[in-house]
Amino acid sequence: MKLGSALSDRAGRLLDFVWSGWAGLAALALLAAAWQAGHEAWGDFILPAPLATLDAALGLLADPGSLDLLLLTAERSLTGFAMATVAGIVLGLTAGYAPAVMRLARPLLTVVLGVPPIAWIVLTMMWFGTTSTTVAVTILIAATPMVFVAAAEGIATRDRELGQMAEAFGYRLPGRFLFVDLRQAARPIFPALALALGTGFKVAIMAEMLANAGGVGGALARARALLDVPQALAWVVLSVIALIVVEYGLVRPMESELERWRRAAQPWGVKR
Amino acid sequence: MNALTLERIGHAYFGQSVLDDIHLEVGQGEVVALVGPSGSGKSTLIQIAAGLVDAREGRIGRNFSRQAMIFQQPNLMPWATARENIGFPLRRAGVPRRDRAARIDEAAVLAELEEDDLGKYPVELSGGMRQRVAIARALAVRPDFVFFDEPFTALDVALKRRMQNLVIAAAREAHFAALFITHDLMEAIRIAHRIAVLDVRGRGIAGLRALDGGPGDRDEAEIFALRQRFLECDPLFRHIHDVDERKRR
Ligand SMILES: Nc1ncnc2c1ncn2[C@@H]1O[C@H](COP(=O)(O)OP(=O)(O)OP(=O)(O)O)[C@@H](O)[C@H]1O
Ligand SMILES: [Mg+2]
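For the structure given in this document, a descriptive report is provided here. In this text the structure is predicted, and so the values were computed from the model without any measurement.

Brief notes about the sheet that holds strand β8 (residues 194–198) of chain B
Residues and elements named next belong to chain B. Taken in spatial order, the six strands of this open sheet run β5-β6-β7-β3-β8-β9, and their pairing is mixed. Each edge of the sheet is formed by a strand with only one pairing partner; in this case those strands are β5 (67–70) and β9 (205–210). Taking each pair of neighbouring strands and ignoring which way they run, the sheet shows an average axis angle of 15°. As defined by bridge partners, β8 adjoins β9 across five bridges and the pair is classed as antiparallel.

Written out as structure tokens, the structure reads:
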């Protein structure tokens, strides 16, 4: 009985999630329409038709060599993303509890964020050569600050009265951290993770292109050398699809699972 | 042996003394109401007694095994359902997982919560229901000492009365001792065995009045008459409706 209701609750939420995909699809259709209009105005050479690009992208997917390139890029960006997530969350939570650390970190963050990722790529290339490490470390540097700030913010703006409540019922520091504070910090962390993931893919491709380290970036560099616009667009489409798959297959579902209660607060019209 | 003993408690925020030389005792199974004007340091004192704030001076004797607390705000975790909120202290209290559902249901019945409401999130509950969830959360651990910090101030008169009756009944049933902060003298008379009045500037307990009979034995007319008598004839209660006496010092 209880299991049944829990299952139907979950199924309902899954359906909601899928249903909300229609809105995304509609937005994509709009984009495709604008793209098609551009194609008809400027011709095949400048902007190939969206369908032709999709065709080219599918062609790439069918080719095992290209699929390997895509997987290589995905693996690199996910490695960097995972490293940035762990580093950002650990450092951010610490800074959230220690205002002194936060005060030290703020100006440092301004400096780190002020350096364009492309400059980090040049530096890491010289440090690590044209390897996967270059890509991962660049992502680590570019994406950690976002996660860090979100985690620190989450802890610093937590509801302290909830902590007092837990303490009044005998919870000590570890319990309060695990059951009360972490849960509140998760709220700003997830949007930051989605952002960091996007940064991961972008930086990975950029680094690959510049460092000629293979992957999608390498393929894009080749397409540019050959002035092959359809090929370049197809790669762009593929990498965007990969990003969407990871974000909506992993990050967003985890977030909506944690933020279930927020849906309960929304008026009906906003839910659908 | 007293359930709670406060000796020479003193506290200061940023060098400014808030409490000084407070002595207070709460016996086993006794409900003591602490009244005092706003800003006199009542919340500070109960937080010290409950172990949430470390006192600058003095000694606290706690002679109970399980404490619970009900705050002015419900302080529910917004991400957890009413049921999960009520069950939150049970993990820490060491109640085995398989027994928790029964304990939650038991506490929910005491706080007059319906089965339907237990699956809802705090945002879906009314203000009074949220406070009842907070009460159920405190009762679920089967405490032998409960700290109340003006728990019903935000509720309307009718609901307040129901909640007071609930506390009286629960205190009898579960036989817990309690320190109950309020600035409503009627409320204090209704639910307590003894009333302690905090000095307007937090300098000691200004005085204590024991009430005849147990909580719940007094009828409305008696309570009202007693309140009038306290306010009109007893100098101890002269200042309890003053607001922030500190500022006028
Ligand atoms: N965290 C704090 N930091 C600094 N000062 C505080 C703090 N908490 C309370 N105070 C001060 O201590 C004094 C007593 O506050 P307290 O909250 O204990 O009063 P109270 O008797 O509970 O008042 P009320 O009936 O309005 O709740 C007040 O003057 C308040 O400004
Ligand atoms: Mg108070």
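A word on the pattern of salt bridges
In total, this model carries 20 salt bridges over all chains according to the counting rule given. Two residues, Glu30 of chain B and Arg194 of chain B, come together in a salt bridge whose shortest N-O distance is 2.7 Å. You can see Glu30 of chain B sitting in the loop between β2 (16–26) and β3 (31–35) and its partner Arg194 of chain B sitting in strand β8, a full 164 residues away along the chain. Comparing Glu30 of chain B with Arg194 of chain B shows no difference in burial state: the two are buried. The network of salt bridges with shared partners includes Glu247, Arg252 and Glu255 of chain A.

Quick look at the packing of helix α3 (residues 64–97) of chain A against helix α6 (residues 132–156) of chain A
Running from amino to carboxyl end, α3 of chain A crosses α6 of chain A at an angle of 30°, the nearest separation of the two axes being 6 Å. The crossing of α3 of chain A and α6 of chain A is right-handed.

As for the site of ligand 1
All names here are of chain B. Lining the immediate surroundings of ligand 1 are 13 residues, of which Ser38, Gly39, Lys42, Ser43 and Thr44 lie closest. In this structure, an oxygen atom belonging to ligand 1 sits 2.8 Å away from a main-chain N or O atom of Gly39. One of the backbone nitrogen or oxygen atoms of Gly41 is found 2.9 Å away from an oxygen atom of ligand 1. Coverage of ligand 1 by the protein chains reaches 62% of its 630 Å² of free accessible surface. With three residues, helix α1 (residues 42–49) is the largest single contributor of residues to the shell around ligand 1. When its residues are assigned to classes, the shell around ligand 1 shows four nonpolar, six polar and three charged.

Examining the packing of aromatic side chains
Enumeration according to the criterion identifies ten aromatic pairs over all chains in this entry. Look at Phe145 of chain B and Phe147 of chain B: their rings are 4.8 Å apart centre to centre, the planes differ by 40°, and that puts the pair in the tilted class. The same class applies to Phe145 of chain B and to Phe147 of chain B, which are both buried. Counting every residue linked through ring pairs, the aromatic cluster contains Tyr171 and Phe179 of chain A together with Phe88 of chain B.

Considering the interface of chain A and chain B
Across the contact, 19 residues belong to chain A and 23 residues belong to chain B. In terms of surface lost to chain B, no three residues of chain A exceed Phe169, Tyr171 and Trp261 of chain A, which account for 32% of the buried area on that side. Taken together, the connections running from chain A to chain B amount to zero salt bridges. Here chain A is connected to chain B by four residue pairs in polar contact (both at pLDDT 80 or more). Going through the elements one at a time, α7 (160–168), α8 (173–211) and α11 (260–265) of chain A are the ones with two or more residues in the side of chain A that touches chain B.

Quick word on the sheet that holds strand β1 (residues 4–13) of chain B
In sheet architecture, strand pairing relies on hydrogen bonds along the backbone and comes in two forms, parallel and antiparallel. Residue and element names in this part refer to chain B. Here we have three strands laid out as an open sheet, ordered β2-β1-β4, and antiparallel in their pairing. Edge strands, defined here as strands with exactly one partner in the open sheet, are β2 and β4 (57–62). On average, each strand axis in the sheet is tilted by 20° relative to the strand beside it, whichever way the strands run. Across seven bridges, β1 lies against β2 in antiparallel orientation. Within the sheet, the bridge partner assigned to Leu6 lies in β2 and is Leu24.

Cut-offs applied
Along each chain, residues carry numbers from 1 onward, in the same order as the chain's sequence is written. Written order determines the labels here, with chains lettered from A and ligands numbered from 1. Per-residue local features are limited, in this predicted model, to residues with pLDDT of at least 70; the limit for side-chain atom pairs, both in listing and counting, is 80 or more; totals at the level of whole chains, interfaces and linings are taken over all residues. Here the side-chain values reflect all heavy atoms present in the structure, with hydrogen atoms and water set aside. For two strands to be treated as a pair, DSSP must find no fewer than two bridges joining them. Here a helix means four or more residues in a row that DSSP labels H or I, a strand means two or more in a row labelled E, and each is numbered from the N terminus. A fitted line through C-alpha atoms represents every axis, and for helices the fit uses only the stretch in contact; the resulting angles, taken between N-to-C directions, go from 0 to 180 degrees. Between Lys or Arg on one side and Asp or Glu on the other, a salt bridge is scored when a side-chain nitrogen of the former is within 4 Å of a carboxyl oxygen of the latter. Per-residue accessibility, obtained with a 1.4 Å probe over protein chains only, is compared with the maximum for each type, and a residue is labelled buried under 20%, exposed over 50%, and partly exposed between these values. Left-handed is the label given to a crossing in which the near helix is rotated counterclockwise from the far helix by less than a right angle, and right-handed is the label when the rotation is clockwise. Proximity criterion: a residue is near a molecule or strand once any of its heavy atoms comes within 4 Å of it. Here a polar contact is taken to be a pair of N or O atoms separated by no more than 3.5 Å, where protein atoms must pair a possible hydrogen donor with a possible acceptor and residues adjacent in sequence count only if both atoms sit in side chains. Only the protein chains shown count as cover for residues, and the accessible areas themselves come from Shrake-Rupley with a 1.4 Å probe. Residue polarity is assigned by list, with Asp, Glu, Lys and Arg as charged and Ala, Val, Leu, Ile, Met, Phe, Trp, Tyr, Cys and Pro as nonpolar; anything else, Gly included, falls into the polar class. Centres within 6.5 Å make a pair out of two Phe, Tyr or Trp rings, where for Trp the six-membered ring is used; the pair is then stacked when the planes are under 30 degrees apart, edge-to-face when over 60, and tilted otherwise. We call two residues contacting when some pair of their heavy atoms lies within 4.5 Å. Once two parts are joined, some of their accessible surface, as seen by a 1.4 Å probe, is lost; buried area is that loss totalled over both.

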